[in-house]
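Below are the chains, spelled out letter by letter.
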Amino acid sequence: MLTVQNLSRNFGGVKALQDISFSIKAGSIHSVIGPNGAGKTTLFNIITGIYAPSSGAIIFCGENVGGKTPDALARCGMSRTFQNLQICMNMSALENVMVGAHLRLNQGLFGALLRRPALRRADSACREEAAALMEFVGVGKYVKSHAAKMSYGALKRLEIARALASKPKILFLDEPAAGLNHTETAEIGSLIEKVAQSGMTVVLVEHDMKLVMNLSDHILVLDYGKKLAEGTAAEVRANPDVIAAYLGAPA
């Protein structure tokens, strides 16, 4: 589904990513791990259009999408969450999820001003879909609540529901378990599995190694902006270079 070829990104004289290549199969859970500053979020930001690559190609469903804007990539079938919550706290929980579906609502300003029947039907269907997604991710009890009334763990799930509202082909999750306790982390893990079982391709950046090892079909390891290793959980766990990067090489 996704192939990254010789991807690099420079910020002035800083080489944030250097010659990264890997592929992601449709329907898999693919994790990106590495120490702090390894380039994980930078990689996500390039693939999802926040940054343009300095060089290299990003092939998504047969098309080179490198350099496309986030809204264009969303129309192609990419969706994501963020390391720091991007929730509209002045809106209801349901409205936050509905925001994710706006690319599929094509009524235009004239129709919106006149409140045509087609727009009212589309709005009603969107609300029903948003409520169903909230139930799917486990925050159905907040369907009539304001986002500001929700717990941090519930907001993490709400952001996933909003990402799913665009009906993507591939979902990028940037540290979905960050800031969660053990119970909430286990629940997020179950949700990610549930999303993958529905047919979605999932790519995540995550520091919780237990979560990564339990979920991932394939793992990419970055270190100082370079690819250090990749493979199954068992292969990565036993790789001496990965062990040295995380734990330090013996003196």
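The structure under discussion appears in the preceding block.
All figures in this text were calculated on a predicted structure; none of them were measured in a lab. (Residues numbered from 1 in each chain as written. Predicted model: local features only at pLDDT ≥ 70, side-chain atom pairs only at ≥ 80, totals over all residues. Heavy atoms only, no water.)

**Student:** Hey, could you run me through the environment of Ser216 in this one?
**Tutor:** Its location among the elements puts Ser216 in the loop between helix H8 (209–215) and strand E9 (218–223). When the C-alpha atoms of Ser216 and His30 are compared, they prove to be 5.6 Å apart, with 186 residues separating the residues in sequence. Residues contacting Ser216, with those up to four places away along its chain left out, are Ile29 and Ser31. Within the local environment of Ser216, its side chain forms a polar contact with the side chain of Ser31, the two groups lying 2.6 Å apart. (Helix = DSSP H or I, 4+ residues; strand = E, 2+ residues; numbered from the N terminus. Contact = heavy atoms within 4.5 Å. Polar contact = N/O pair within 3.5 Å; in protein donor to acceptor, adjacent residues only side chain to side chain.)

**Student:** In this structure, what is going on with the packing of aromatic side chains? I would like to understand it.
**Tutor:** The description of an aromatic ring pair uses the distance of the two centres, along with the angle that the planes make with each other. This model, assessed by the stated rule, comprises two aromatic pairs. An angle of 75° between the planes, with centres 5.2 Å apart, marks the rings of Phe11 and Tyr51 as edge-to-face. One end of the pair, Phe11, is in strand E1 (residues 2–11); the other, Tyr51, is in the loop between helix H1 (40–47) and strand E4 (55–60), and 40 residues separate them in sequence. Geometrically, the ring pair formed by Phe44 and Phe172 is edge-to-face, given 5.2 Å between the ring centres and 85° between the ring planes. Taken together, the residues Phe44 in helix H1 and Phe172 in strand E7 (residues 170–174) connect sequence positions 128 residues apart. Residue class for Phe172 comes out buried when judged on its relative accessible area of 1%. Directly above the ring of Phe82 sits Arg80, whose terminal nitrogen or CZ lies 4.2 Å from the centroid. For Lys194, the ring lying beneath its charged end belongs to Phe136, and the centroid distance is 4.4 Å. (Phe/Tyr/Trp six-rings, centres within 6.5 Å; stacked < 30°, edge-to-face > 60°. Buried < 20%, exposed > 50% of the residue type's maximum accessible area, 1.4 Å probe, protein only. Lys NZ or Arg CZ within 6 Å of the ring centre and 35° of its normal.)

**Student:** Is there a simple way to think about unusual backbone geometry in this case?
**Tutor:** One non-glycine residue, Asp19, lies in the positive phi region at around 55°. In this fold, Asp19 is placed in strand E2 (residues 14–24). The exposure class assigned to Asp19 is partly exposed, which follows from its relative accessible area of 49%. In the Ramachandran plot, Tyr224 falls in the positive-phi region, its phi being about 55° despite a non-glycine side chain.

**Student:** So what exactly am I meant to see when it comes to the layout of surface pockets here?
**Tutor:** The gaps of empty space that remain are located by a probe, the size of a water molecule, rolled over the atoms. Looking at the largest pocket, its volume works out to about 420 Å³. Forming the boundary of the largest pocket are 17 residues, of which Ala74, Met78, Ser79, Arg80 and Phe82 lie nearest the centre. Of all the elements in the fold, those that place two or more residues in the lining of the largest pocket are helix H2 (70–76), strand E6 (78–80) and helix H6 (152–164). Taken together, the residues of the lining of the largest pocket break down into eight nonpolar, five polar and four charged. Residue lining of the second largest pocket: His182, Thr185, Ala186, Gly189, Ser190, Glu193, Asp208, Lys210, Leu211, Asn214 and Leu215, and that is the complete set. For the lining of the second largest pocket, the secondary structure elements donating two or more residues are helix H7 (182–197) and H8. With six residues, H7 is the largest single contributor of residues to the lining of the second largest pocket. (1 Å grid on protein atoms, 1.4 Å probe; cavity = no way out; pocket = protein on both sides within 12 Å on 5 of 7 lines; lining within 4 Å. Points joined across faces, edges and corners; volume = space filled by probe spheres on them. Nonpolar A, V, L, I, M, F, W, Y, C, P; charged D, E, K, R; others polar.)

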